[in-house]
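Structural characterization, general
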Amino acid sequence: MSTAADIGIWGVPLAIIGGAIRVSTPFLFVSLGECLTERSGRINLGLEGTLVFGAMSGYAVAYGTGSPWLGVLAAAMAGVLFGLFHGWICKFKGVNDIAIGIALMLLGMGLAFFFGKPYIQPVAPDLPAIPLGWWSDIPQVQAALQVNALFLIGAVLAVALHWMFKNTRVGLAIRVAGDSTDAARAIGLNPDTVRLLSTAAGGALAGVGGAYLSLYYPGSWNEGISSGQGLMAVALVIFARWNPINCFWAALLFGGAGALGPALQSVGVTSGYYLFFAAPYVLTLALLIITSSPDKAMEGAPGALSITK
Amino acid sequence: MKRELTRRHFLNTTAAMGAATLAGAMMPGQARAASDLTVGFIYVGPKDDFGYNQAHAEGAAAVKEMAGVTVVEEENVPETVDVQNTMESMINFDGATLLFPTSFGYFDPHILEVAPKHPDVRFQHAAGLWSADKHPMNVGSYFGYIGMGQYLNGITAGYASKTKKIGFVAAKPIPQVLQNINSFLLGARSVDPEITCQVIFTGEWSLAVKEAEATNALADQGCDVITCHVDGPKVVMETAAARGAYVCGYHADQTALAPEKYLTGAEWNWAGVYTGMVQTVLDGGSIDNFVRGGLSDGFIKMSPLGPAVSDAARNQFEATKAEIMKGGYSVFKGPLKDNAGNVIAADGEAFVETDIALESMNYLVEGVLGSTS
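My aim in this report is to walk through the structure given alongside it, one point at a time.

Reading the values: rules and limits
- In every chain, residue numbers begin from 1 and rise along the written sequence.
- Here the convention is simple: chains get letters from A, ligands get numbers from 1, in the order in which they are written.
- Totals for whole chains, interfaces and linings use every residue, but because this is a predicted model, local features are given only for residues with pLDDT of at least 70 and side-chain atom pairs only at 80 or more, for both listing and counting.
- By convention in this description, side-chain values take in all heavy atoms of the structure and omit both hydrogens and water.
- Helix and strand assignments come from DSSP, with helices taken as H or I runs of at least 4 residues and strands as E runs of at least 2, each series counted from the N terminus.
- Atoms counted for the radius of gyration: C-alpha only. Globule rule: 2.2 Å times the number of residues to the power 0.38.
- Residue burial is assigned from relative accessible area. The probe radius is 1.4 Å, only protein chains are included, and a residue is buried under 20% of its type maximum, exposed over 50%, and partly exposed in between.
- Here, two residues are considered to be in contact whenever any of their heavy atoms come within 4.5 Å of each other.
- Per-residue and other accessible areas follow the Shrake-Rupley method at a 1.4 Å probe size, with only the shown protein chains counted as cover for residues.
- The convention is simple: Lys and Arg are positive, Asp and Glu are negative, and His and the chain ends are not counted.
- Throughout, a charge is located at the NZ atom of Lys, the CZ atom of Arg, the CG atom of Asp or the CD atom of Glu.
- Joining two parts hides part of their accessible area as seen by a 1.4 Å probe, and the buried area is that hidden amount summed over both.
- Only one rule defines a salt bridge in this text: a Lys or Arg side-chain nitrogen within 4 Å of an Asp or Glu carboxyl oxygen.
- Residues adjacent in sequence count toward polar contacts only when both atoms are side-chain atoms; beyond that, a polar contact is any pair of N or O atoms within 3.5 Å, and within protein one must be able to donate a hydrogen and the other to accept it.
- Three categories are distinguished: nonpolar for Ala, Val, Leu, Ile, Met, Phe, Trp, Tyr, Cys and Pro, charged for Asp, Glu, Lys and Arg, and polar for the others, with Gly belonging to the last.
- Every axis corresponds to a line fitted to the C-alpha atoms, with the helix fit spanning only the stretch in contact, and the corresponding angles, defined between N-to-C directions, vary from 0 to 180 degrees.
- Oblique is the label for every angle not falling under 35 degrees (roughly parallel), over 145 degrees (roughly antiparallel), or within 65 to 115 degrees (roughly perpendicular).
- Helix crossings get a hand from a simple test, with the near helix turned counterclockwise from the far one by less than a right angle marking a left-handed crossing and a clockwise turn marking a right-handed one.
- Only a pair of cysteine sulfur atoms within 2.5 Å qualifies as a disulfide here.
- Excluding any residue in a salt bridge, patches collect residues exceeding 30% relative accessible area, merging like charges within 9 Å and nonpolar Val, Leu, Ile, Met, Phe, Trp and Tyr side chains within 5 Å.
- Whether two strands pair comes down to DSSP finding at least two bridges between them.
- With strands facing away from the observer, any crossover in which the path from the first strand over the helix to the second runs clockwise is taken as right-handed.

**Some details on the overall build of chain A**
Helix and strand content of chain A: 13 helices and 2 strands. The C-alpha radius of gyration of chain A comes to 20 Å, within 12% of the 19 Å expected for a compact globule of 309 residues. The dimensions of chain A, computed from C-alpha atoms along their principal axes, are 70 × 50 × 35 Å. Looking at chain A residue by residue over its 309 residues, the buried ones come to 54%. For chain A, long-range pairs separated by at least 24 residues make up 76% of all intrachain contacts whose partners lie at least 6 apart in sequence. When the accessible surface of chain A is totalled, it reaches about 12,900 Å², and 71% of it is carbon and sulfur. Computed over 14 positive and 13 negative side-chain charges, the inter-centroid distance for chain A is 11 Å.

**What about the interface of chain A and chain B?**
Counting from both sides, the interface comprises 44 residues of chain A and, opposite them, 43 residues of chain B. Taken over both partners, the interface formed by chain A and chain B buries close to 3,300 Å², and the fraction arising from carbon and sulfur atoms is 54%. If you look at where chain A meets chain B, you find 2 salt bridges. Residues Arg22(A) and Glu213(B) are paired through a salt bridge, measuring 3.0 Å at the closest nitrogen-oxygen approach. Viewed at the interface, chain B and chain A are joined by 13 residue pairs in polar contact (both at pLDDT 80 or more). Only helix 1 (11–39), helix 5 (139–144), helix 11 (244–266) and helix 12 (273–277) of chain A provide two or more residues apiece to the side of chain A that touches chain B. Residues of the side of chain A that touches chain B, tallied by class, amount to 22 nonpolar, 18 polar and 4 charged.

**Some thoughts on the packing of helix 2 (residues 47–65) of chain A against helix 4 (residues 97–116) of chain A**
Residue and element names in this part refer to chain A. Contact pair helix 2 / helix 4: the axes reach a minimum separation of 7 Å and the direction vectors enclose 20 degrees. Judged on the interaxial angle alone, helix 4 and helix 2 are roughly parallel. Relative to helix 4, the crossing made by helix 2 is left-handed. Across the interface between the two elements, Glu-48, Gly-49, Val-52, Phe-53 and Met-56 from helix 2 touch Leu-104, Met-105, Gly-108, Met-109, Leu-111, Ala-112, Phe-113, Phe-115 and Gly-116 from helix 4. Residue classes in the contact of helix 2 with helix 4 are distributed as 10 nonpolar, 3 polar and 1 charged.

**Side note on the state of the cysteines**
Taken as a whole and assessed by the stated rule, the structure comprises 0 disulfides over all chains. Cys90(A) carries a free sulfur, and the closest cysteine sulfur to it, the one in Cys35(A), is 18 Å from it. For Cys90(A), a relative accessible area of 8% translates into the label buried. Here Cys223(B) is not disulfide-linked; the sulfur of Cys197(B) is the nearest cysteine sulfur, at 7.2 Å.

**A word on a nonpolar patch on the surface**
All names here are of chain A. Taken together, the side chains of Ile-130, Leu-132, Trp-134, Trp-135 and Leu-152 define a hydrophobic patch exposed on the protein surface, amounting to about 550 Å² of accessible area. Note that Leu-152 resides in helix 6 (residues 149–167). Leu-152 sits in the partly exposed class, given a relative accessible area of 34%.

**Considerations on the sheet that holds strand 17 (residues 368–369) of chain B**
Residue and element names in this part refer to chain B. Taken in spatial order, the 7 strands of this open sheet run 12-10-9-8-6-7-17, and their pairing is mixed. Where the open sheet ends on each side, the last strands, each with one partner, are strand 12 (300–302) and strand 17. For strand 6 (residues 165–170) and strand 8 (residues 225–229), the ladder comprises 5 bridges, and the chain directions are parallel. By the bridge assignment for strand 8, Gly-167 is matched with Ile-226.

**So, the pairing of strand 1 (residues 37–42) of chain B**
Residues and elements named next belong to chain B. Of all 6 residues that make up strand 1, 6 are buried, and the element is covered over most of its length. The two faces of strand 1 match: Leu-37, Val-39 and Phe-41 on one face and Thr-38, Gly-40 and Ile-42 on the other face are all buried. Sheet analysis places strand 1 next to strand 2 (residues 69–74), joined by 6 bridges and oriented parallel. For Phe-41, the partnering residue across the bridge sits in strand 2 and is Glu-73. Of the crossover connections in this fold, the one passing from strand 1 over helix 2 (residues 52–64) to the parallel strand 2 is right-handed. As judged from the 4 bridges shared by strand 1 and strand 3 (residues 98–101), these two strands associate in the parallel manner. Across the sheet, Ile-42 pairs through a bridge with Pro-101, a residue of strand 3.

Have a look at this one:
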């Protein structure tokens, strides 16, 4: 710390890059999970609840066992359970997946708050970070490039999902179920099973996103840990036009824009900080407006989604 | 047949409703019979947050131990109409006659809305600016001069800082927060007048990710001692220590979160204050509408000094603390300007610890980098 360089205004781009890496991971995992679910034809708005429950269960298990990776696994399992529950209820006739999602969001948060009470105080072990800033002498750069393994896994996963949708049988099955229930039945697929499994896998990813929050950054469990990140990530999927690789860029953009407010204050741009805090949302609105088009509205949207039907 | 069923159903329902009303009407009476006094505590966040709410909840726990007192608590109550509902239900269903709605934002308009409807209930609010000509007589305000604690924090920070830059993660620019920021810097400047303090406002009392980002931004700018005024300082303490900065605590003792980097901390000591107030009511007395206290009154205390505090720092810390314990200490004294160049106090002018003018502070002093809006 004593060798901290005086980086002045360079703190802003550095904070945006660092923030993008630090803050984006939960957005990335939740939006990949939601992308997978929506491509199979269901919307799971409950991922905010899954995220918060994943954060709590991951923290609790990491604290209990001393291993943060077991915590990540527990969070993923919890996410699978929430996903299976959502998928199972939604197969019944007349059930609205959006309404169930909202109910599950509240349930997940309520359960997490209830079971999480004893874990607000204890300090659980953190996930390790990989120092990718070794090439620089500047401690700030080294700190910004402390990259968590989950971020890299998320990046690889985005590419893998994209490849899976395009090139594999499983990807094809998910896309068919998402685009047309009848077509899926016609080729002998059970759309409910495809959606059940996709929702479960999506839930697992959201749970892992939660574990990142409580086990790495900011790295502790409390009831305000998510502050709506799960909901924003669901919206990011639409922003990313249901493309996993776009989800990655959208998550990065959102993380970086969120770092703008504190970073600008730290270099002396101090007035109007409430406006800078709104930067991620303003940016999203602006990009949506710029990329929108009356001719090809909802391009990329799965045909069987209840919002597009 | 169908009509009869409907009628029977109707009769059943009304009977049940009548019974419920009766039970509801009797319950407060029973609660009162079981104990002499029911006291309600309302928190804006979880009551074990290593911070503001935990400090109050520890006070409530001490009240719970008193004979003849029942304590009802509710946590995570937002500073909205929700807190009015919570207060109403504590009064109407639990029979509470003494309420401690502890968060700053509960006062105006929520307590001011509910209090006139319940003249027999006493509302005790932390930090609110009660004044006899504006506010109901069954509302009281209490607070501690914790700025003194931040001044002592600043002394340890002044000795520990090598970069001459210290940092402050703040929630909202309200007078109490501004006073803490200013006191922290003035404490550090009593060691070295060259020191500056960078402040970052997060805009909310509890926003874990933004607090972590703010702490990282401070560390990026070379701040090597960091403190905060947010509801739960856990994230700031852990993030700052992970970046290699020293930390000063706030609200409660956070030594356990960063044992090597923790210098000291300004803590609340509500247990003594709350049991005293409840005892006054049990004895049939009335609590003063405006209660303030500092280190010497046992309203606040300091965390034990950490291993990184030098002997020189320890000496000045102890000497200043002894001065403050005598009462009448002034952190804000002339010549003093705010960071926009306006004169706050001319040479020879001073605001003592108890000066009410300090509670409407709306400026950051010279040396604090930041702005209140």
